[in-house]
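# Understanding the architecture of this molecule
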Amino acid sequence: MTAYDVIVLAGGAAKRLGGADKPGVRVGGRALLDRVLAACDDAALTVVVGGRRATARPVAWTREVPRGGGPLAALGAGLRLTTAERVLVLSADLPFLGPETVDALLGAAGQPGREGALCVDPDGRDQPLVAAYRAEPLRRELALLATEYGGLAGLPLRLLTAELDLARVDAGPDAAFDCDTWDDIAAARARIREHGAVLDEWITSVKNELGIELDVDTGVLLDLARDAAHGVARPAAPLTTFLVGYAAARASAGAGPDEAAAAVAEAARRATALALRWEAEAEAEAEAEAEAETSAGAGSDEAGGAKPDAGREGTGTP
């Protein structure tokens, strides 16, 4: 992928959130801004336009002039710090933006004759803050607008997008979902806890919290936990997965993410095989005990049936 820079707009007033610090609002335990930064962590440079705050990865900071001057003023401020041929432009309130959407935008923006690409939401509306632009025409149009209107403050984004030849990318219902209200925040928080998404969301959050860059087959680990719980004992599941992680870390010390992921897979394979051997032994013991009980029961019945009638013998009755 050709190098690209990112501009994240994080300086809005969030009036519909009562003035709350929207980029810092947490969804799934992570700030909205950090969720956006995670989707484009391979950028050459990331510029955040807004107030400084702690972030999950290093970024460059700047502010629009004047402060509160709107998205075009913020975009112009961020663009002055970038050097790449393509620039990804994002708002800071996209909880479900993923790398696949970033790749799709950058690819579409690189098509011959195109000056950029933006997402289209399920209702067909353009999303100019979920977009990738070629830097040269973006600088040109911003300069023309600043000259025509005496500055960029207060201008709507549509003045910019109307002048550019942009591809449209349908990234599905989630990529362009933004959080403007507390109802949006509540919907996002509920969505990540849905059955089909909760595990992936949790694993991603844990990796970000621990600073781990590792793609692990979660299915392998879940199967291991199941086999350990079933074949050994329920508490064996979390303890075994911890030991697998520890063993993989030792085996891949100093190696890259691919080697580390392979070490996890190998440790999980060996631990799974061990758990299955324990289960087989337990089943064999259970079968042996069942056979022994059956044999003992049969022997007791035979012995009971062969006993003489002691009561009758004791009476001397002929």
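Summarised in this report is the structure supplied together with it. The shown structure was predicted, so the numbers you read here are calculated from the model rather than taken from an experiment. The residue count restarts for each chain, going from 1 along the sequence in the order it is written. Where totals are concerned, whole chains, interfaces and linings use all residues; where local detail is concerned, this predicted model gives features only for residues with pLDDT of at least 70, and gives and counts side-chain atom pairs only at 80 or more. Derived side-chain values reflect all non-hydrogen atoms in the structure, with water molecules and hydrogen atoms excluded from consideration.

With that settled, the discussion passes to the overall build of the protein chain. Secondary structure elements are taken from DSSP: a helix is a run of H or I of four residues or more, a strand is a run of E of two residues or more, and numbering for both begins at the N terminus. Counting its secondary structure elements, the protein chain contains twelve helices and nine strands. Based on C-alpha atoms, the radius of gyration is set beside the globule rule, defined as 2.2 Å times the residue count to the power 0.38. Taking 318 residues into account, the globule formula puts the C-alpha radius of gyration at 20 Å, and the protein chain, at 32 Å, lies well above it. When a residue's accessible area, from a 1.4 Å probe over protein chains only, is under 20% of the maximum for its type it is buried; when over 50% it is exposed; and in between it is partly exposed. In the protein chain, buried positions account for 38% of the 318 residues. Any two residues having at least one pair of non-hydrogen atoms within 4.5 Å are treated as being in contact. In the protein chain, of all internal contacts separated by at least 6 residues, the share reaching a separation of at least 24 is 66%. For accessible areas, the Shrake-Rupley method is used with a probe of radius 1.4 Å. Any residue's cover is judged against the shown protein chains and nothing else. If you sum the accessible surface of the protein chain, you get close to 17,800 Å²; carbon and sulfur atoms cover 54% of it. When charges are counted, Lys and Arg are positive and Asp and Glu negative, with His and the chain ends excluded. Taken as the charge centre is NZ of Lys, CZ of Arg, CG of Asp or CD of Glu, depending on the residue. Averaging the locations of the 32 positively and 49 negatively charged side chains of the protein chain gives two centres separated by 10 Å.

Before going further, it helps to spend a moment on the packing of helix α9 (residues 218-231) against helix α10 (residues 236-251). To obtain each axis, a line is fitted to C-alpha atoms, and for helices this fit is confined to the stretch in contact; angles are then taken between N-to-C directions over 0 to 180 degrees. The geometry of α9 relative to α10 is characterised by a closest axis approach of 8 Å and an angle of 135° between their N-to-C directions. The angle between α9 and α10 places the two elements in the oblique class. Note on packing geometry: the crossing formed by α9 with α10 is right-handed. On the side of α9, the interface is formed by L221, L224, A225, A228 and A229, while α10 contributes A236, A237, T240, T241 and V244. For this scheme, ten residues count as nonpolar: Ala, Val, Leu, Ile, Met, Phe, Trp, Tyr, Cys and Pro. Four count as charged, namely Asp, Glu, Lys and Arg, and the remainder, Gly too, count as polar. A class-by-class count of the residues in the contact of α9 with α10 yields eight nonpolar, two polar and no charged. Roughly parallel here means an angle under 35 degrees, roughly antiparallel means over 145, roughly perpendicular means 65 to 115, and every remaining angle is called oblique. Left-handed describes a crossing in which the near helix is turned anticlockwise from the far one by less than a right angle; the clockwise case is right-handed.

Quick look at the packing of aromatic side chains now. Aromatic pairing here means that ring centres of Phe, Tyr or Trp (its six-membered ring) are within 6.5 Å. Orientation follows from the plane angle: under 30 degrees is stacked, over 60 is edge-to-face, and everything else is tilted. Overall, the coordinates contain one aromatic pair when judged by the stated rule. Residues F96 and F177 carry aromatic rings whose centres are separated by 5.8 Å and whose planes lie at 55° to one another, so their mutual orientation is tilted. Taken together, the positions of F96 in the loop between β6 (86-91) and α3 (99-109) and F177 in the loop between α6 (172-175) and α7 (182-191) put the pair 81 residues apart, joining distant regions of the chain. Residue F96 shares its accessibility class with F177, and that shared class is buried.

Turning next to the side chain of T46. On the secondary structure map, T46 appears in strand β4 (residues 45-49). At a separation of 2.9 Å, a polar atom in the side chain of T46 contacts the side chain of R57. For T46, the contacting residues outside a window of four places in its chain are V6, V8, L37, R57, V59 and A60. Residues adjacent in sequence count toward polar contacts only when both atoms are side-chain atoms; beyond that, a polar contact is any pair of N or O atoms within 3.5 Å, and within protein one must be able to donate a hydrogen and the other to accept it.

Moving on, we come to the nonpolar core. Core analysis: the biggest nonpolar cluster contains 29 residues, and L88 and L90 have the highest contact counts within it. Examining the composition of this core, we find that five residues originate from one element, α3, more than from any other. Aside from chain neighbours lying at most four places away, what touches L90 is V6, I7, V8, L9, V36, C40, L97, L129, V130 and A131. Listed in part, the 24 residues of the second largest apolar core include L75, L79, A135 and L145. The set of buried Ala, Val, Leu, Ile, Met, Phe, Trp, Tyr and Cys residues whose side-chain atoms join them within 4.5 Å is what this entry labels a nonpolar core.

Relative to the helices and strands, L159 is located in helix α5 (residues 158-161). Look at L159 and you get partly exposed, because its relative accessible area is 23%. Discounting chain neighbours no more than four positions away, the residues touching L159 are L145 and Y149.

Across the interface, helix α2 (residues 71-79) lies against helix α4 (residues 135-149) with an axial gap of 11 Å and an inter-helix angle of 130°. By the angle class used here, α2 and α4 are oblique. For the pair α2 and α4, the sense of crossing is left-handed. Contact residues: L72, L75, G76 and L79 in α2; L138, R139, L142 and L145 in α4. When the residues that make up the contact of α2 with α4 are grouped by side-chain class, the tally is six nonpolar, one polar and one charged.

Salt bridge, as used here: a side-chain nitrogen of Lys or Arg that lies within 4 Å of a carboxyl oxygen of Asp or Glu. On inspection of all chains with the given rule, the structure shows 14 salt bridges. R140 is paired through a salt bridge with E115; the nearest N and O atoms lie 3.1 Å apart. Taken as a pair, R140 in helix α4 and E115 in the loop between α3 and β7 (116-120) lie far apart in primary sequence, 25 residues in all. Given the relative accessible area of 32%, R140 is considered partly exposed. For E115, a relative accessible area of 15% gives the class buried. Salt-bridge contacts for R125 lead to D121; the nearest nitrogen and oxygen are separated by 3.1 Å. Judged by relative accessible area, which is 49%, R125 ranks as partly exposed.

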